[in-house]
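Residue-level listing of the chains:
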Amino acid sequence: MKAAIAGLGTAGLTRDATPPAAELARQAVSAAAGDAGLPVSAIDGLVVCRTSAAGDSVLGLDLQRALGLRDLTLNRIALCEGASALAAIQLAALAVSGCSARAVVCVFADTPVIPGKRMSASFGRLKTGTGLEGLRYSAGLFGGAAMYALSAMRYLAVHGLGEEVLADVAITTRQWAALNPAASYRKPLTREDYFAARYIAEPLRLFDCAAPVNGAIAVLVTTPELAADCAQPPVHILACAEGHPGTPDRSGFDRQLNHGGAIAAKALFGATGLGPAEIDLCEFYDAFSISPLLALEAYGFHPPGEARQAYAGGNAAPGGTMPINTGGGHLSGFYLQGMTPLAEAIVQLRGAAGERQVARARTALVTNDGGRFDYHLGMILGAAEHRP
Amino acid sequence: MTFPPIPEPDAASARFFAALDAGRIELLRCADCGSMHLAALICDACGGTQFATVPASGAGIVHSFTRLHMAHHPAFAEQLPLTAGVVELAEGPRLFAQLVGEGTLAIGAPVSAEIRDCDGRGVAVFRLVAG
Ligand SMILES: [Zn+2]
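Residue positions are given per chain, counted from 1 along the sequence in the order it is written. Key to labels: chains lettered from A, ligands numbered from 1, both in the order written. Residue-level local features of this predicted model are given only where pLDDT is at least 70; pairs of side-chain atoms are given and counted only at 80 or more, and the full residue set underlies all totals for whole chains, interfaces and linings. Side-chain metrics in this entry use all non-hydrogen atoms of the structure; hydrogen atoms and water are not considered.

A. Here's a closer look at the overall build of chain A. Strands here mean DSSP runs of E at least two residues long; helices mean DSSP runs of H or I at least four residues long; both are numbered from the N terminus. Assigned secondary structure in chain A consists of 14 helices and 11 strands. Projected onto the principal axes, the alpha-carbon positions of chain A cover approximately 55 × 45 × 40 Å. Across the 388 residues that make up chain A, the buried fraction comes to 61%. Sequence separation of 24 or more characterises 74% of the internal contacts of chain A that already satisfy a separation of 6 or more. Accessible surface area values rest on a Shrake-Rupley calculation with a 1.4 Å probe, where residue burial reflects the displayed protein chains alone. When the accessible area of chain A is evaluated, it comes to approximately 13,500 Å², of which 52% is carbon and sulfur surface. Accessibility here uses a 1.4 Å probe with only protein chains present; expressed as a share of the type maximum, an area under 20% marks a residue as buried, one over 50% as exposed, and anything in between as partly exposed. The contact criterion used is simple: two residues touch if any of their non-hydrogen atoms lie within 4.5 Å.

Here is the structure:
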């Protein structure tokens with residue numbers, strides 16, 4: 001893979017009313033080009049990703065026209081549920097590696113927050129569904145929290161753990177958010193605050209769930225050569241990989257806990273020659289607090305049931321030996337699906353994270369989860385000196 | 001009476017939902033390898049495409065569960081906190097279902113199926129077996 005990230009642009013990142021997703025996407029793409037020091041007209045590829053519930057009328061291929069872009073050599077919608085952002089980046093990286101495009105912008109935009117309305121209006125929508133999977137709605141299992149709760153409940157039970165394991169994730173992630181001006185929730189979260197909050201779906205409480213925002217994030221992917229001449233320190237894409245286990249839901253298998261990261265980890269570490277010990281920081285998809293725990297185990301940082309060790313001793317926290325979700329993640333930062341962990345990794349590897357800058361930030365693991373743990377993409381990024 | 005949303009059958013689940021609407025849980029046993037499925041057109045264990053229909057015992061265990069503290073559908077508004085989860089049938093396959101009854105709620109707890117008639121459609125709920 002010969003590709004690098006040269007631009008990062010955001011728009012919105014607010015719980016207030018915003019323009020529609022397509023307009024936020026246009027603003028973010030423009031900001032990403034500006035960040036790279038390139039004119040918008042230098043973009044020759046677009047990869048659009050959106051939440052699985054949105055259609056072309058929300059955000060689609062005609063973003064090209066809104067940006068006034070002509071003669072693109074790539075224009076695509078990348079859909080892989082919550083993993084769409086890394087799926088888009090992977091497509092862009094392959095395109096620039098294969099010389100079919102030179103400057104590809106990947107963008108995600110979503111506007112789930114309707115000021116004055118509960119979030120369940122956006123994320124717990126009435127659905128009927130089709131086939132066996134649709135039985136979740138007959139059972140009352142609406143929204144992501146209900147489904148991730150099934151994984152969290154089983155994780156705690158199988159390993160004989162208590163809810164404090166989830167609390168550690170939420171509290172640690174908030175410590176990082178306190179250092180990030182763009183985070184949604186920056187007030188320190190005490191253990192008392194955590195346990196005093198209401199359950200959404202047991203064992204998941206309010207602070208085990210993502211902080212939704214209206215916003216867009218765009219990332220400009222280009223060749224290492226062009227990236228070296230851009231305005232920002234390049235961030236190299238060292239490897240990307242997918243893992244979609246299709247775990248059967250019957251005895252002998254564990255669909256609640258089996259994580260696509262185990263498949264991707266083999267490919268990522270195999271391609272780079274790196275292992276968990278050579279990763280300086282992790283940016284995991286953390287729409288719910290259970291997710292980073294399962295990702296840590298899937299990627300071999302800890303044996304099954306031991307991921308709590310990453311949090312218990314403060315290793316994942318600011319100043320720790322293995323910083324995790326250093327911008328506050330989805331939990332306390334902002335939920336823009338797969339773009340949230342990617343954007344934070346870019347900022348850290350540039351050395352531009354200000355108060356929350358990780359001292360040793362040369363390599364980062366970024367993960368995206370979709371359909372709980374059914375669909376997964378992972379990526380290893382390297383700082384400028386890691387040019388492959 | 002407000003009924004919960006009931007999925008439309010797809011090709012793989014047509015036999016399952018037809019049986020459920022008739023008040024029974026039926027399983028598909030792969031003719032080649034014997035793997036049990038609730039819905040399948042192709043066996044994910046062996047690639048077989050021939051299945052025999054066999055009745056489920058209705059017995060199972062709780063594979064995972066949650067208690068939901070917010071109702072997203074009027075059918076559940078009076079039942080909060082709503083208990084739902086994944087049930088592993090004694091024959092092996094699992095399905096999402098509401099859990100009811102006073103028995104101990106825990107992973108591995110025994111449950112037994114009750115088919116509710118919802119205006120002609122069947123819904124399987126699982127009752128926690130007391131003791
Ligand atoms: Zn078979």
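B. Highlighting the packing of aromatic side chains. The criterion for an aromatic pair is that two Phe, Tyr or Trp rings (for Trp, the six-membered ring) have centres within 6.5 Å, with stacked assigned to planes under 30 degrees apart, edge-to-face to planes over 60 apart and tilted to the rest. Enumeration according to the criterion identifies 7 aromatic pairs over all chains in this entry. Aromatic side chains Tyr 194 of chain A and Phe 195 of chain A sit 4.9 Å apart centroid to centroid with 85° between the ring planes, which places their arrangement in the edge-to-face category. On the accessibility criterion, Phe 195 of chain A (31% relative accessible area) is partly exposed. Residues Phe 16 of chain B and Phe 17 of chain B carry aromatic rings whose centres are separated by 5.1 Å and whose planes lie at 80° to one another, so their mutual orientation is edge-to-face. With respect to class, Phe 16 of chain B is no different from Phe 17 of chain B; both count as buried. Through a chain of ring-to-ring contacts, the aromatic side chains of Tyr 137 and Phe 142 of chain A together with Phe 76 of chain B assemble into a single cluster. The criterion for a charge sitting over a ring is simple: Lys NZ or Arg CZ within 6 Å of the ring centre, and within 35 degrees of the ring normal. Above the ring of Tyr 199 of chain A, the side-chain terminus of Arg 205 of chain A is found at 4.2 Å from the ring centroid.

C. Up close: helix α10 (residues 261–272) of chain A. Residue and element names in this part refer to chain A. In this model, α10 (12 residues) spans 16 Å end to end at C-alpha, consistent with the 16 Å of a helix rising 1.5 Å per residue. When α10 is considered as a whole, its buried residues turn out to be Gly 261, Ala 264, Ala 265, Leu 268 and Phe 269. The arc that holds every buried residue of α10, seen down its axis, measures 120°, which confines them to one face. In α10, the exposed positions angled more than 90 degrees off the buried face are occupied by Lys 266, Gly 270 and Ala 271. Between the first and last residue of a helix there are one fewer steps than residues, each counted as 1.5 Å, and that sum is the expected span. Note that the arc is defined by the directions from the helix axis to the C-beta atoms.

D. Layout of the domain arrangement of chain A. Residue and element names in this part refer to chain A. Once the domains are mapped, chain A shows domain 1 (4–113 + 213–227) and domain 2 (143–211 + 236–388). The source of the domain bounds is an automatic or database domain assignment. Averaged C-alpha coordinates put domain 1 and domain 2 at centres separated by 23 Å. A 1.4 Å probe defines the accessible area here, and the buried area is the portion of it lost by two parts on being joined, summed over both. Note on domain 1 versus domain 2: buried area summed over both sides is about 2,600 Å², and carbon and sulfur give 71% of it. Of all residues in domain 1, Leu 86, Gln 90 and Val 213 bury the most surface against domain 2, accounting for 24% of the area lost on that side. Salt bridges are defined as contacts in which a side-chain nitrogen from Lys or Arg sits within 4 Å of a carboxyl oxygen from Asp or Glu. Scanning the region where domain 1 abuts domain 2 turns up 1 salt bridge. For Arg 350, the salt bridge goes to Asp 35, with nearest N and O atoms at 2.8 Å. Two N or O atoms form a polar contact when they lie within 3.5 Å of each other; inside protein one atom must be a possible hydrogen donor and the other a possible acceptor, and for residues adjacent in sequence the pair counts only when both atoms belong to side chains. Linking domain 1 with domain 2 are 7 residue pairs in polar contact (both at pLDDT 80 or more), by the criterion used here. Among the secondary structure elements, those contributing two or more residues to the side of domain 1 that touches domain 2 are β1 (4–14), α3 (84–97), β4 (103–110), β7 (214–222) and α9 (224–228). At 7 residues, the largest contribution of residues to the side of domain 1 that touches domain 2 is made by α3. For this scheme, ten residues count as nonpolar: Ala, Val, Leu, Ile, Met, Phe, Trp, Tyr, Cys and Pro. Four count as charged, namely Asp, Glu, Lys and Arg, and the remainder, Gly too, count as polar. Residues of the side of domain 1 that touches domain 2, tallied by class, amount to 22 nonpolar, 6 polar and 5 charged.

E. Quick peek at the coordination of the zinc ion. Residue and element names in this part refer to chain B. Here the term donor refers to an N, O or S atom within 2.8 Å of the metal (or 3.2 Å for Na, K and Ca), and because water is left out of the atoms, sites may appear incomplete. At 2.3 Å from the zinc ion lie its protein donor atoms, namely Cys 30 (SG), Cys 33 (SG), Cys 43 (SG) and Cys 46 (SG). Here the metal geometry follows the donor angles, with tetrahedral for four donors whose angles all fall between 85 and 135 degrees, square planar for four and octahedral for six when opposite donors are more than 155 degrees apart and every other angle is between 65 and 115, and irregular for all the rest. With 4 donor atoms in place around the zinc ion and angles of 99 to 113° between them, the coordination shape is tetrahedral. Each donor residue of the zinc ion lies on the same chain, and together they follow the pattern C-x2-C-x9-C-x2-C. Of the two residues, Cys 30 sits in strand β1 (residues 26–30) while Cys 46 sits in the loop between β2 (36–37) and β3 (51–55), which places them 16 residues apart along the sequence. For Cys 30, a relative accessible area of 3% gives the class buried.

F. Examining the sheet that holds β1 of chain B more closely. Residues and elements named next belong to chain B. Within the open sheet, the 3 strands sit side by side as β2-β1-β3. Their pairing is antiparallel. The sheet is open, and its two borders are formed by β2 and β3, each paired with just one other strand. Bridge analysis of β1 against β3 gives 5 bridges, and the strand direction is antiparallel. By the bridge assignment for β3, Arg 29 is matched with Ala 52. In this analysis, strands are considered paired if DSSP registers two or more bridges between them.

G. Layout of helix α11 (residues 290–298) of chain A. All names here are of chain A. Across the 9 residues that make up α11, a large majority, 9, are buried. Ile 290, Ser 291, Pro 292, Leu 293, Leu 294, Ala 295, Leu 296, Glu 297 and Ala 298 are the residues of α11 that are buried. Turning to α11, the residues buried within the fold contact α6 (143–158), α7 (164–177), α10, α12 (308–312) and β10 (363–370). Just downstream of α11 lies Gly 300, where phi reads positive at about 80°.

H. Main features of the interface of chain B and chain A. Listed by partner, the interface residues are 42 residues for chain B and 42 residues for chain A. A combined buried area of about 3,300 Å² lies between chain B and chain A, and 63% of that area is made up of carbon and sulfur atoms. Broken down residue by residue, the surface that chain B buries against chain A is led by His 72, Arg 94 and Phe 96 of chain B, which jointly contribute 24%. Here chain B is connected to chain A by 3 salt bridges. The salt bridge involving Glu 202 of chain A is made with Arg 67 of chain B; its shortest N-O contact spans 3.0 Å. If you look at where chain B meets chain A, you find 14 residue pairs in polar contact (both at pLDDT 80 or more). With 6 residues, the top contributor of residues to the side of chain B that touches chain A is strand β4 (residues 59–68) of chain B.

I. Geometry of the side chain of Asn 368 of chain A. Residues and elements named next belong to chain A. Looking at where Asn 368 falls in the secondary structure, it is placed in strand β10. Here Leu 86 takes part through its backbone nitrogen, which lies 3.0 Å from a polar atom of the side chain of Asn 368. A distance of 3.2 Å separates a polar atom in the side chain of Asn 368 from the backbone oxygen of Gly 338.

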